[in-house]
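Now for the letters of each chain:
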Amino acid sequence: MTPTLSGDTIIITEKESTSLCSCCCLFDIEMTVSGVENQSYIIKFVEDYAEDLQQILFQADLNNSSTGEYNVVRIRYPWGQ
C-alpha cells in the first residue's frame, strides 16, 4: 500500500504486487501515522477490486486521540458470502 497526503486527506492505495491465484482476500491492516500535524484527517482507501462497494472513508481526529479503530464488513463478492 502506498499512502499519500493531499490536504487533509490521507489516501492509502491498495496495489497487488503478485498474483499467485485468482482470488480476492481480505486483510487486517494496522497503520502507524507519523510526520503529520495533530489535526483532523480523512482516511481514504482506494481498493483495486471494490468496484461498486461502499468506499472505505473515515475521519481520524489526532487532536483528540493518537489511537483508533475502524472496521469494515464486506458482505458480497468479491468479499463475504
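Residues numbered from 1 in each chain as written. Predicted model: local features only at pLDDT ≥ 70, side-chain atom pairs only at ≥ 80, totals over all residues. Heavy atoms only, no water.

(A) Expanded view of the environment of Gly7. Structurally, the position occupied by Gly7 is in the loop between strand S1 (2-6) and strand S2 (9-13). Exposure remark for Gly7: the relative accessible area of 64% places this residue in the exposed category. Along the chain, Gly7 and Tyr41 lie 34 residues apart, while their C-alpha atoms are 8.7 Å from each other. (Helix = DSSP H or I, 4+ residues; strand = E, 2+ residues; numbered from the N terminus. Buried < 20%, exposed > 50% of the residue type's maximum accessible area, 1.4 Å probe, protein only.)

(B) Region of the structure containing the environment of Val46. The residue Val46 is located in strand S3 (residues 40-46) in this model. With a relative accessible area of 34%, Val46 lands in the partly exposed category. Sequence separation between Val46 and Ile11 is 35 residues, and the spatial gap between their C-alpha atoms is 7.2 Å. Other than its neighbours up to four places away in sequence, Val46 contacts Ile11, Ile12, Thr13 and Glu14. (Contact = heavy atoms within 4.5 Å.)

(C) Layout of the pairing of S3. Burial along S3 is one-sided: Tyr41, Ile43 and Phe45 are buried, and none of Ser40, Ile42, Lys44 and Val46, which face the opposite way, are. As paired strands, S2 and S3 are joined by five bridges and run parallel to one another. In the sheet register, Ile11 faces S3, and the bridge partner there is Lys44. Judged from the five bridges that link them, S3 and strand S4 (residues 57-61) form a sheet pairing that is antiparallel. For Tyr41, the partnering residue across the bridge sits in S4 and is Ala60. (Pairing = 2+ DSSP bridges.)

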